[in-house]
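# Topology and contacts: notes
Here's the letter readout for the chains.
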Amino acid sequence: MPVPTQVALLLVSSSCFGFTVLVDENVNLPSAWYRSDAIYQLERRAIFSKKWLFLCHTNRFTKSGEYIRFKIAGYSFFAIKDREGKINAFHNVCRHRAFPILGSKKEPGQATILACKFHGWRQVPYTMQGKLAKAPGFKDVEGFKPEENGLFEIRTHIDKLGYLYINMDTSDDYIKWHEQFGDVDSQPRVHGFPIDKYKYAFSWSFENCDYNWKTLVDNYNECYHCKVAHPGIASTVDLKSYYVQGSDSYVAHFSPPKPENVQKQEDGSIVATFLFPYAAITLMPSYAYTMRVVPIDAHRTEMQYDVYRPTDATDEAFDETHKFFVQVEEEDKFLCTNAQKNMEAGLYRTGALHPKQEHGVLYFQSLVKNALMSHRKQEEEAGREIFPALQDGGAMTKEEIFCNKLESACGTPKHLEW
């Protein structure tokens with residue numbers, strides 16, 4: 001049966017943005033989605049505070065009190081290992097007057113007490129479970145309950161391979177980890193890479209990259225550009241056999257080595273998995289790294305990389321592979337930075353995507369569209385913005401309603417009017 005030449009169109013109406021959109025199933029997302037502040041704020045609500053987010057491998061936490069700070073899409077939080085060996089996660093904000101519990105340094109650290117350096121509120125020492133132990137001067141304040149003023153806890157999950165994830169959604173009907181990721185931690189193709197032999201080595205980053213986070217994720221989920229833009233990959237990987245498969249909110253990349261490289265120790269074998277919405281894990285015989293594509297705003301992204309070294313890797317193999325991947329990431333940064341410039345300019349609106357070569361891009365973009373449109377529908381039905389990361393979903397107090405009405409009267413942007 002011949003394949004129809006016409007492309008199906010989806011009619012999407014949104015009172016939020018004041019226009020009707022035709023969404024082509026085999027074209028790129030509209031460029032406005034890569035520069036719109038309103039879209040970015042909706043992504044914060046519909047994706048980054050609602051979906052499970054990959055963080056790192058648990059072997060980064062070796063001692064009680066060790067913590068790692070994160071800031072993702074404006075949400076500042078930390079993960080910390082308690083004295084029982086459990087890894088907990090909390091928003092990095094004191095319940096009293098919003099001062100950060102842990103300082104501004106990005107480097108991981110170790111703490112024995114979690115205490116606010118503004119007014120001295122401190123959590124129960126050593127447990128690292130976020131419970132309030134002391135609020136100076138509040139002992140005799142009527143109605144004050146310490147048990148209701150601990151840190152805002154964030155759900156965590158550790159998969160079968162030891163990777164750590166968090167979910168900021170505070171509602172009872174939050175998406176369960178297996179509902180989002182299915183069998184991602186049971187992929188047969190990772191069996192040749194026993195994760196217990198990969199030890200954390202170091203982290204590095206590209207800060208303030210001038211592109212939207214989706215620009216990089218689109219780029220990551222296809223190797224259609226590899227022959228032209230990545231000579232190193234093209235020389236080691238059999239691009240004719242390269243393909244990706246998207247399901248259960250992850251994209252598995254299958255990249256067999258070129259036939260002439262099969263017998264080499266570093267033969268080009270790469271087992272890479274993209275984890276919606278923003279992360280990836282890449283395994284090789286002498287090297288592994290994880291990547292977090294962290295939104296700063298609608299126009300800027302921070303690229304964060306954790307590098308893991310197999311215990312049997314030689315210095316030469318590890319160093320050469322690291323140099324190889326840094327070059328690849330620099331090449332991708334160049335591509336995304338320049339593509340974003342035209343996204344921002346407004347002349348480019350959208351373009352055709354190859355159904356096979358860019359299947360990963362189409363799958364990723366379908367997840368974005370579904371997440372944003374379904375959440376926005378809920379908001380329109382509720383008549384307000386819904387913030388899953390907040391305890392009550394963002395239901396407003398009378399003071400907040402007063403502020404909201406005042407902003408509207410003073411010329412609030414159209415997308416915030418109900």
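Residues numbered from 1 in each chain as written. Predicted model: local features only at pLDDT ≥ 70, side-chain atom pairs only at ≥ 80, totals over all residues. Heavy atoms only, no water.

### Points about the overall build of the chain
Counting its secondary structure elements, the chain contains eight helices and 18 strands. If you take every contact in the chain between residues at least 6 apart in sequence, the share linking residues at least 24 apart comes to 62%. Surface accessibility of the chain: about 21,300 Å² in total, with carbon and sulfur atoms responsible for 54%. (Helix = DSSP H or I, 4+ residues; strand = E, 2+ residues; numbered from the N terminus. Contact = heavy atoms within 4.5 Å. Areas by Shrake-Rupley, 256 points an atom, 1.4 Å probe, with all protein chains shown as cover.)

### Overview of helix 7 (residues 359-382)
For helix 7, spanning 24 residues, the distance from its first C-alpha to its last is 35 Å, which sits close to the expected 34 Å at 1.5 Å a residue. At the exit of helix 7 stands Gly 383, carrying a positive phi of roughly 75°. (Expected span 1.5 Å × (residues − 1).)

### What about the side chain of Glu 379?
The residue Glu 379 is located in helix 7 in this model. Look at Glu 379 and you get buried, because its relative accessible area is 0%. In this structure the side chain of Glu 379 is engaged in a polar contact, spanning 2.8 Å, whose partner is the side chain of Arg 376. (Buried < 20%, exposed > 50% of the residue type's maximum accessible area, 1.4 Å probe, protein only. Polar contact = N/O pair within 3.5 Å; in protein donor to acceptor, adjacent residues only side chain to side chain.)

### A closer look at the packing of aromatic side chains
Under the criterion given, the structure shown has 25 aromatic pairs. Between Phe 54 and Tyr 163, the aromatic rings sit 5.6 Å apart at their centres with planes inclined by 55°, giving tilted as the arrangement. With Phe 54 in strand 3 (residues 53-57) and Tyr 163 in strand 11 (residues 163-167), this residue pair connects regions lying 109 residues apart in the sequence. Here the two residues Phe 54 and Tyr 163 agree in accessibility, since each one is buried. The interplanar angle of 50° and the centroid separation of 5.7 Å between the aromatic rings of Trp 177 and Phe 181 together place this pair among those described as tilted. Here Phe 181 and Trp 177 lie together in helix 2 (residues 177-181), a separation of four residues that amounts to about one turn. Cluster of aromatic residues (ring-pair linked, three or more members): Phe 202, Trp 204, Phe 206, Tyr 287, Tyr 289, Tyr 305, Phe 318, Phe 324 and Phe 325. (Phe/Tyr/Trp six-rings, centres within 6.5 Å; stacked < 30°, edge-to-face > 60°.)

### Describing the pairing of strand 13 (residues 243-247)
Covered by surrounding structure in strand 13 are Val 244 and Gly 246 only, the residues Tyr 243, Gln 245 and Ser 247 on the alternate face being uncovered. In terms of strand pairing, strand 13 meets strand 14 (residues 250-255) through five bridges, oriented antiparallel. Following the sheet pairing, Gly 246 is matched in strand 14 by Val 251. Remark: two residues form the turn of the hairpin made by strand 13 and strand 14, two consecutive strands paired antiparallel; Asp 248 in that turn has positive phi of roughly 50°. (Pairing = 2+ DSSP bridges.)

### Let's talk about the state of the cysteines
In this structure the tally under the stated criterion is one disulfide. Each sulfur in the disulfide pair Cys 223 and Cys 226 lies 1.9 Å from the other. Measuring handedness by torsion sign, the sulfur bridge of Cys 223 and Cys 226 sits at about -100° and is left-handed. The class for Cys 226 is buried, based on a relative accessible area of 2%. Between Cys 209, a cysteine without a disulfide, and Cys 336, which holds the nearest cysteine sulfur, the sulfur-to-sulfur distance is 8.7 Å. (Disulfide = S-S within 2.5 Å.)

### Concerning the side chain of Thr 215
Summarising the element assignment, Thr 215 is placed in helix 3 (residues 213-220). Given a relative accessible area of 7%, Thr 215 falls into the buried group. There is a polar contact of 2.8 Å between the side chain of Thr 215 and the side chain of Gln 340. Beyond its immediate stretch of four places on either side in the chain, Thr 215 contacts Tyr 34, Cys 336, Ala 339 and Gln 340.

### Considerations on the sheet that holds strand 4 (residues 66-72)
If you trace the seven strands from one edge of the open sheet to the other, you get 3-11-10-6-5-4-7, paired in antiparallel fashion. Looking at the sheet topology across the chains shown, the edges are occupied by strand 3 and strand 7 (109-110). With two bridges connecting them, strand 4 and strand 7 associate as antiparallel partners. Looking at the pairing, Tyr 67 lines up with Gly 109 of strand 7.

### Some thoughts on unusual backbone geometry
With the exception of glycine, most residues fall at negative phi, and the peptide bonds are largely trans. A cis geometry characterises the amide bond from Phe 276 onward to Pro 277, with omega recorded as 10°. Within the fold, Pro 277 resides in the loop between strand 15 (270-275) and strand 16 (279-284). One non-glycine residue, Ala 73, lies in positive phi territory at about 50°. Among the structural elements, Ala 73 can be located in the loop between strand 4 and strand 5 (75-81). Using a relative accessible area of 0% as the deciding quantity, one classes Ala 73 as buried. With a phi angle near 50°, Asp 248 is a residue other than glycine that sits in the positive phi range.

### Re the environment of Thr 112
Along the chain, Thr 112 turns up in the loop between strand 7 and strand 8 (122-123). Spatially, the C-alpha atoms of Thr 112 and Asp 82 are 9.6 Å apart, while their sequence positions differ by 30 residues.

### Focus: the packing of helix 1 (residues 37-48) against helix 7
Running from amino to carboxyl end, helix 1 crosses helix 7 at an angle of 85°, the nearest separation of the two axes being 9 Å. As judged from the angle between their axes, helix 1 and helix 7 are roughly perpendicular. Residues Ile 39, Leu 42, Glu 43, Arg 45, Ala 46 and Ile 47 of helix 1 pack against Val 368, Ala 371, Leu 372, His 375, Arg 376 and Glu 379 of helix 7. The residue makeup of the contact of helix 1 with helix 7, split by class, is seven nonpolar, one polar and four charged. (Axes fitted to C-alpha atoms, helices over the stretch in contact; angles between N-to-C directions. Parallel < 35°, antiparallel > 145°, perpendicular 65-115°, else oblique. Nonpolar A, V, L, I, M, F, W, Y, C, P; charged D, E, K, R; others polar.)

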